[in-house]
Every structure is written in C-alpha cells, then in structure tokens.
Amino acid sequence: MTRSVAMEHILEPTADPAWVLESEGYDPLRESNVESRFAISNGFLGIRGGRSTTRGARWVVPARTYVAGLFDTPGADRAVPGLVPAADWLQVRILLSGAPMVHHPGDVSSHRMTLDMRRGALLSQGHHFKSPDLRVRVRTLRLVSLSERAVGLQLIQFEIEEGTLEVTFEAAFEGMNLGLVSEQIEQDLGVWRTQHSGKGLAMATASSLRIDGHDLPPAALGQLKSSWSWTARPGQLVCFERAVAIVRSDTEALNPGTEAREKLGLARHVGWRGVVAAHEAAWASRWQSSEVEVEGDAAAQLVLRFALYHLNSAANPADERVSIGARALTGDVYHGHVFWDTEIFLLPFYVLTWPDAARALLMYRFHTLDAARAKAVGMGWRGALYAWESADTGVETTPEQVIAPDHRVIDVLCGKQEQHISADVAYAVWQYWQATGDDEFLRDAGAEIILETGRFWSSRAQPEADGYCHIRGVIGPDEYHQNIDDNAFTNVMARWNIRRALDVAALLRERWPVCWTRLSSRLGLDEAELKRWLDVAETMATGLDPETGLFEQFAGYFALEDIDLTNYAGRSVPIDIVIGRERTQKSQVVKQADVVALLCLLPEEFAHGAAAENFRYYEPRCSHGSSLSPAMHGLVAARLGDAEMALRFFRQTAAIDLSDTHVAIDGGVHIGALGGIWMLAVFGFAGLSLRNDGIVIDAKLPAGWRSLAFGVQWRRRHLRIRIDQDKQRLEATLESGEPMILVVRDEPHELRRDQALRVFTGRP
Ligand code: BGC
C-alpha cells in the first residue's frame, strides 16, 4: 500500500498556481495548440501534450515523440529533410466488460490536464463513467527524464469508485511503421532505421501493473505489448507504470538496441520513484540556476515560468550533434530545422544560465563547419556560409518553394540569400567566450568558426568604384524584401565578424602561437589575406547617414512607399496578406526587427542619440510578421528607457504561445520568442550587459513590477541579482567564484562572496 500512496503523491501537481498551466475539458478547436503548449521535453526527447482522453476506441490519443537529430529525407531527390517521429510508446487501451472505455470528447467537466512546470511533468485527472453504476477515477503522469535523457516514464492510476466488472488493460506502441523501417521488434525492444539517412533508433520498454499493491502478471505479451485482465471491484486501486529508454545512433554500424536495454535496466533498477526523484532534482537545479522572479505582476511571472520551462526543456548539453529547431521538440513546423533563432534568441539564455548547453549548441556549428565551407565555395565565395535552415549535417535544407498563407506557391530565396546567419553564429561564439572565458572552446573550435565566417564576408563584400565594399543580393532579417543590396544589419554584422576574426587571429598568435601556426596553415591564412580583411572592414558600406544617424535598412529603402500601419491595426493576418506581397515588397513595411535587431545586438554601433532616432523611425514601420520581432523591440524600448512600451511588447510576445487568439501554435511553441522573453526581462528591464571586467546593470522596471530577481553565471561565477523598485535598491550576491565588478548606474562596485552588495538606485 505504501507504493500506491507514493504514486498518489506523485500524481498530485504542484499546488502553487504560479507553477502550473491547466486545461479543463475539451475544445477541438484549440486541442493542437494545447498539445504544443503542454509538450514535455529534455532536449533529446520531446512529447507533445496529446491528452489522455479519447476520441475513439483508444483511451490515450497518439502523443508524438520526437527524437533530437533523428532526421530523414523522405525519398524524392529535392525533398527537404525533417524530424521523423518515433513510435508512440504511451498507448493504452482499457476494455470494460469487453468494450473500450470511451470518454466523450464533448464532456468538458471531467478532465483536467496540468503542466507542472516546476517538476517538468504532464499530469491529468478525470472521471470516467460508462453507465450510472460504473465510475472510474483516472490520474496520469508522463515525463522525459532531465537527468537521464534516454528515459521516459508513464504512470497511470485508476480507482474503481463504483461498479464490479471485467477489465482488460493493454499497453502497446502505436505507429511502429510510420516513416521508419523496423529491423527488430520484440516484446521489450524495437529497433528501427531511417530510410535514407542511415540513422538507427531503439526503444526498450518495460511495464507493470499492480492492484492494491500486488503485482498482477500480464495475461498476454506481444511485440512491444502487454495486457492484463482482472475483475475490478469498488475501492480497488490500480497502478500502471511504463518506462522506456530511447537511443539514437548516427551510424549504420551500431545497433542502438543494446544501449537502450542497458539504459532501461538502469531505470528499472532505481524504479519509477528513483526516476522521478532524479528528474525532479535535475529540474530543481535548472530552476535554481535560471529562475526569474517578478513581484507585482502575477501574469508576467507565469509568462516567464512558461518561457523558462520550455527553454530548460529544449537543450541537451550532452549532444553536440544537434541544435534546437525553431519549434524545439514540441511540433513539426519547419521540420525541426535550426535557424538564427538559436544563436540570437536562445544562446543568451544558455550562455548566462547554462553554459554547458550553450557550448554544445555552438559545437553543433563547429561540427557542421565543413558543410558551411562547402556552401560558400559552391556559391563562388570563400570561408564558411552556414545554412539558413540546417538539420543534422549542416547542409542547406531551406525548401525552395512553399505555399504562402494565401495558398499561392512562392519561391523561397532564403536558402541562397539570407546570409546574415554566418555572422549570427560568429556573434554567438564571441558572446559565449566573453561571458564564460572558456578559452579551450575558443582555441579548439570557436576561433575556426569566427575566422572562416570572417573570411566568408571578406570574399563576399566586393570593392566597387565608389571606394566602398558592397554586399549585394541578400535578404536581411526582414524577409519581405528580397534580393536587396547592402542590408544594414548584414553589412554591419559582417564588418563586426571580420573585425572579431582579426581579433581572434591576434589573440591566438599571442596566447597560443603553436595553435595559431597549425590552424592558420591548415586554413591557408596568411598576412596578405588578413590585411585584405582589414581593408574590407574599413570600407564596408553600411547605409549610415552621418547627418541624421539613421541607417537605411538597405540601398533604396527610403524611397519605397511609406505605409501607415496604424490603418491596419487589429488585423488578424500578416500585413503581406492584407495588402498583397507585391505591394509589401515595394513598401517600407518591415516584417521583423532588422535595423532594430542591429540596435539590439550591437548598440555600440549607434552614436549617442542615434539609437533612439533609429528606433523611432523603424518601430512604427514594423508589422511583426515574425514571432521573433516583438521581444526584440521590447528589449530595445526598455534600454531606451520606455519600460511601458517594453511591457506592451512583453505581453505581445507572451500572447504568441499563451493565448489562443493570436498566432496558431499548433505546430509547436515559438522557442525563439520564448528566448526573447528572457532577453527582454534580463537585458531589457534589468538592463544587463557584459564588460570585460564584469557585468553592468541599468534597470528600468515597468511601473507595476515591485521587484525583479534572477540568477546569471559569468566566467565561472554564479550571481543573483535583485532589483527592488519599491525600495529603489539593487541587491547582488556572489554565490560562487572570485570577486568581480558590478556596475550599477555607471558606478563600479566590487562584488565579493562574503558580502552582499546593496546599491541605492533611486534618482537623486
Ligand atoms: C522568420 C525568421 C525565423 C524563422 C524561424 C521566419 O518567419 O522570419 O527570422 O528564423 O521564421 O523562426
């Protein structure tokens, strides 16, 4: 009986409403949104939150399980590779007196799903009635372990409240032959191969069922299937548990089955309580490192929890061969492909709260450097041009055509022209190194990325008769304008990339001369080439008007039709659908932060006053046609001192995944936008920026926020910062590491372990 009491406890969600999301009943219109929002993941496995109720003969509807890096190309030559879902290992079918237990979908009163963000678990509970004299209470939990990422766990408890009847309980796998070729299917193990990419997948499983604390042996066993039958009586407590261990192999030679069985064996050894305890401890540690607390705005607190829940779910520091797709492992929009979203919108969170995860994400770019080199050479340039959309190998995977929201087939040029990605990757490498001081990474991997991307830009930007180097024929972050020349974002980031490449060359030469000699000779880099890089950087066209301080988004942009977007306020579809693609392209309407993105990433490129000038110009012209856009605007608004405008952008970003009235999230959560929420809170409201000798805090909280507190890591130190608006005070504690400098309101303060720092922040 102790065992069932413990399960009872585990099936109870965290009581504090600030840690949970709930969904009551059943609404077919919003069901797939809920599946994305309530997805659980550990960066290796991701399971959509398909609800544990039925729309047919099965009690548990298929819940897609994604495995990071399990990509395949479905046959035809030009098809785009995508994530292949694994078999659904959560299937359960319950027969009551021979008939399937069906929960009427329209019954909204008896089913509740709870995403317990604190514990990283999806729970459900409901009452099921078959007839007036039969009443069953069902509670479930599912998780994918954050401490042993191969392992998933499902617990189901049901209590017969009324009725005596014959029950059959079947636990099976579903969709075993969808997209994967099965090689071996046994009672406890399935092994599959992808059709074309040569990857292997193994799923080992074990399940058991106990009635009132006693094991019931299965009545029948099949391939990945067990079933139990018994006579149910009122008061009976039935506990079902199923564990799964999933292993991916990237080469044909390896059979992942052995490893899956081993991992399952370890999970069984500690039992489900052990699996749950280790998982919860891992989550507690992630929350400890990454928690952001807001007092005075409960809605904002929940938004931050939700963002952090998915961010902490999305990464896997142990796998350098994968990165995070634009919908993480919560849905299949964009086929699991990786964009600049990862480096620009996600990396900051990982760099400052989970450096190991950040490093693994950057190592993915290191491992795909050859593909980036091949892309650059294939297009006639030198160095490394990263794929705009990337899967496992780093080869370009952007589809060449898509169906637009107005159902027209349109050509997609991003795979060829959206090249700023190379500078974005270099930017992330540099940020990581600056914030962590991980010299080994820079020396062994990061330097090569920065040098090869710098080399790309030096060959890409061509000198012309006007004495400037130009980058023609690109797409900037604002994808409404294609095939443009001298996109300010691209060119200034490219120049920055070349300059950092020169810095890296100088640094290696000085600090690790042997390494520099080896690397420069392998890359064929000589003095003459470095000199050329400098010339390109010094003469890069940027579109900056020195008189006004305004950057022109690209050559010819200011001459385009200026459309007043306030006339289209309240529209429910993107602006290019309302006014048409052609008119949008010929106008100054911007899809997403572009010059504003530059302002966010490289504020030092904007002379005093020019930041506000550029923001004032571009903000009203932005239609926020990408989920990435509002958070970046909010961040810049906060830095410029307009916390209330920033708060509006914060709420707009939150609505993308948390409200059902805005953007559909049926294809997965917008993980980049969620990263943007963290950036807006920490870089925007708290005004955090990095210096060589420490951290700067220049906070501007929205009026209603009484306080904002968060933890960050900087060069092997853990610190906690609390900005108390009521008391006009900043408190900082160094939890580990050597003393450092914290700059508050332009004043440097020494932060030491033995002494909390308190600084008055009120304006005198
Ligand atoms: C945006 C890109 C983004 C991609 C994936 C597009 O709509 O314009 O900037 O990388 O979505 O999130």
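Nothing here was measured: the structure is a model prediction, and the numbers come from that model.

Just to check I follow, could you spell out the overall build of the chain for this structure?
When its secondary structure is counted, the chain shows 20 helices and 33 strands. A globule of 764 residues ought to have a C-alpha radius of gyration of about 27 Å, and the chain, at 27 Å, matches this closely. Dimensions of the chain along its principal axes, counting C-alpha atoms only, are 90 × 65 × 55 Å. Long-range contacts, defined as pairs at least 24 residues apart, comprise 67% of the intrachain contacts of the chain with a sequence gap of at least 6. For the chain, the computed accessible surface area is about 29,300 Å², with 51% contributed by carbon and sulfur atoms.

Which parts of the structure should I look at to understand the sheet that holds strand S2 (residues 40-41)?
What links the strands of a sheet is backbone hydrogen bonding, and the strands pair in either a parallel or an antiparallel sense. Taken in spatial order, the three strands of this open sheet run S2-S3-S4, and their pairing is antiparallel. The open sheet has two free edges, formed respectively by S2 and strand S4 (65-67), since each of these has just one partner strand. In this sheet, strand S3 (residues 45-47) lies alongside S2 in antiparallel orientation, the contact comprising two bridges. Among the inter-strand pairings, Ile40 is bridged to a residue of S3, identified as Ile47.

In this structure, what is going on with empty space enclosed by the protein? I would like to understand it.
Empty space among the atoms can be located by rolling a probe the size of a water molecule over them. In the structure shown here, the tally under the stated rule is four cavities of 30 Å³ or more. Space inside the largest cavity adds up to approximately 200 Å³. Looking at the largest cavity, it is lined by 22 residues, and the ones nearest its centre are Ala68, Val322, Ser323, Ile324 and Gly325. Among the elements that make up the lining of the largest cavity, the one with the highest residue count is helix H6 (residues 355-367) (three residues). Residue assignment places the lining of the largest cavity across two domains, with domain 1 (2-288) and domain 2 (291-685) each supplying three or more.

Got a minute to help me understand the packing of helix H10 (residues 439-460) against helix H11 (residues 488-511) in this structure?
Each packed pair of helices is defined by two parameters, the angle between the axes and the distance between the axes. For the pair H10 and H11, the least separation of the axes is 8 Å and the interaxial angle reads 135 degrees. Accordingly, the angle class assigned to the pair H10 and H11 is oblique. Both H10 and H11 take part in a crossing whose hand is left-handed. Here Asp439, Leu442, Ala447, Ile450, Leu451, Thr453, Gly454, Trp457 and Ser458 of H10 come into contact with H11, specifically with Thr490, Ala494, Asn497, Ile498, Arg500, Ala501, Val504, Ala505, Leu507, Leu508 and Arg511. For the contact of H10 with H11, the per-class residue count stands at twelve nonpolar, five polar and three charged.

How should the side chain of Thr330 be read in this particular structure?
With respect to the helices and strands, the residue Thr330 is situated in the loop between helix H4 (298-314) and helix H5 (340-353). There is a polar contact of 2.8 Å between the side chain of Thr330 and the backbone oxygen of Arg327. Here Thr330 is in contact with Ser36, Ala39, Arg48, Tyr66, His310, Gly668 and Val669, once residues within four sequence places are set aside.

How should I be thinking about the packing of aromatic side chains in this particular structure?
Where two aromatic rings form a pair, the distance of their centres and the angle of their planes describe that pair. Under the defined criterion, the tally for this structure stands at 30 aromatic pairs. Considering the side-chain rings of Trp381 and Phe456, the 6.0 Å spacing of their centres and the 85 degrees angle between planes classify their relative orientation as edge-to-face. Here Trp381, found in the loop between helix H7 (369-378) and strand S22 (401-403), pairs with Phe456, found in helix H10; they are 75 residues apart in sequence, far enough to count as distant. Judged by its relative accessible area of 0%, Phe456 falls in the buried class. Through a chain of ring-to-ring contacts, three or more aromatic side chains come together here, namely Phe158, Phe169, Trp228, Trp230 and Phe240. For the cation-ring pair, Arg305 lies above Trp19, with the distance from its terminal atom to the ring centre recorded as 3.6 Å.

Looking at this structure, how should I read the nonpolar core?
Note that soluble globular proteins tend to have their nonpolar side chains buried in a common cluster. Formed by 190 residues in total, the largest nonpolar core has its most connected members in Tyr350, Phe685 and Phe710. No other element matches the 13 residues that H11 contributes to this core. Residue contributions to this core reach at least three from each of two domains, namely domain 1 (2-288) and domain 2 (291-685).

When you look at the site of the ligand in this model, what are you seeing that I'm missing?
Around the ligand sit Ala326, Tyr334, Phe339, Trp340, Asp341, Trp388, Glu479, Lys591, Gln592, Ser626 and Leu628, and those are all the residues in its vicinity. Between the ligand and Asp341 there is a distance of 2.6 Å, counted from an oxygen atom to a side-chain nitrogen or oxygen. For the ligand, an oxygen atom lies 2.9 Å from a polar atom in the side chain of Glu479. Considering only residue class, the shell around the ligand consists of six nonpolar, two polar and three charged.

Honestly, the state of the cysteines in this entry has me stumped. Any pointers?
Throughout this description, disulfide means a covalent bond between two cysteine sulfur atoms. With the rule as written, the count across this model stands at zero disulfides. Not engaged in a disulfide, the cysteine Cys600 finds its nearest cysteine sulfur in Cys622; these two sulfurs lie 13 Å apart. Residue class for Cys600 comes out buried when judged on its relative accessible area of 5%.

Explain the domain arrangement of the chain here, please?
Size of an interface: often given as the accessible area lost when the parts come together. On domain assignment, one finds that the chain holds domain 1 (2-288) and domain 2 (291-685). The C-alpha centroid of domain 2 is placed 37 Å from the C-alpha centroid of domain 1. Note on domain 1 versus domain 2: buried area summed over both sides is about 3,400 Å², and carbon and sulfur give 57% of it. Ranking the residues of domain 1 by area buried against domain 2 places Arg37, Arg286 and Trp287 at the top, with a combined share of 21%. At the junction of domain 1 and domain 2, the tally comes to five salt bridges. A salt bridge links Arg64 to Asp332; the shortest N-O distance between them is 3.1 Å. Here domain 1 and domain 2 share 24 residue pairs in polar contact (both at pLDDT 80 or more) between them. Mapped onto the side of domain 1 that touches domain 2, the elements with two or more residues apiece are strand S1 (20-24), helix H2 (31-37), S2, S3, strand S6 (82-83) and helix H3 (256-290). Across the side of domain 1 that touches domain 2, the residue classes tally to 21 nonpolar, eleven polar and ten charged.

Where do I start with the layout of surface pockets in this structure?
In this structure, the second largest pocket spans a volume of roughly 970 Å³. Lining the second largest pocket we find 40 residues, and of these Pro603, Arg639, Leu688, Ser689 and Leu690 sit closest to its centre. Listed by contribution, the elements that provide at least two residues to the lining of the second largest pocket are H5, helix H9 (420-436), helix H16 (595-601), helix H18 (629-639), helix H20 (671-685), strand S26 (689-690), strand S27 (694-697) and strand S31 (740-744). Here the lining of the second largest pocket gets six residues from one element, more than from any other, and that element is H5.

Sorry if this is basic, but what is going on with unusual backbone geometry here?
The phi torsion of most residues other than glycine is negative, and most of the peptide bonds are trans. At His624, a position not held by glycine, the phi torsion is positive, near 50 degrees. With respect to the helices and strands, the residue His624 is situated in the loop between helix H17 (610-618) and H18.

What counts and how
- Residues numbered from 1 in each chain as written.
- Predicted model: local features only at pLDDT ≥ 70, side-chain atom pairs only at ≥ 80, totals over all residues.
- Heavy atoms only, no water.
- Helix = DSSP H or I, 4+ residues; strand = E, 2+ residues; numbered from the N terminus.
- Rg over C-alpha atoms; globule rule 2.2 N^0.38 Å.
- Contact = heavy atoms within 4.5 Å.
- Areas by Shrake-Rupley, 256 points an atom, 1.4 Å probe, with all protein chains shown as cover.
- Pairing = 2+ DSSP bridges.
- 1 Å grid on protein atoms, 1.4 Å probe; cavity = no way out; pocket = protein on both sides within 12 Å on 5 of 7 lines; lining within 4 Å.
- Points joined across faces, edges and corners; volume = space filled by probe spheres on them.
- Domains from an automatic or database assignment.
- Axes fitted to C-alpha atoms, helices over the stretch in contact; angles between N-to-C directions.
- Parallel < 35°, antiparallel > 145°, perpendicular 65-115°, else oblique.
- Left-handed = near helix turned anticlockwise from the far one by under 90°.
- Nonpolar A, V, L, I, M, F, W, Y, C, P; charged D, E, K, R; others polar.
- Polar contact = N/O pair within 3.5 Å; in protein donor to acceptor, adjacent residues only side chain to side chain.
- Phe/Tyr/Trp six-rings, centres within 6.5 Å; stacked < 30°, edge-to-face > 60°.
- Buried < 20%, exposed > 50% of the residue type's maximum accessible area, 1.4 Å probe, protein only.
- Lys NZ or Arg CZ within 6 Å of the ring centre and 35° of its normal.
- Core = buried A, V, L, I, M, F, W, Y, C linked by side-chain atoms within 4.5 Å.
- Near = heavy atom within 4 Å.
- Disulfide = S-S within 2.5 Å.
- Buried area = accessible area lost by both parts, 1.4 Å probe.
- Salt bridge = Lys/Arg side-chain N within 4 Å of Asp/Glu carboxyl O.

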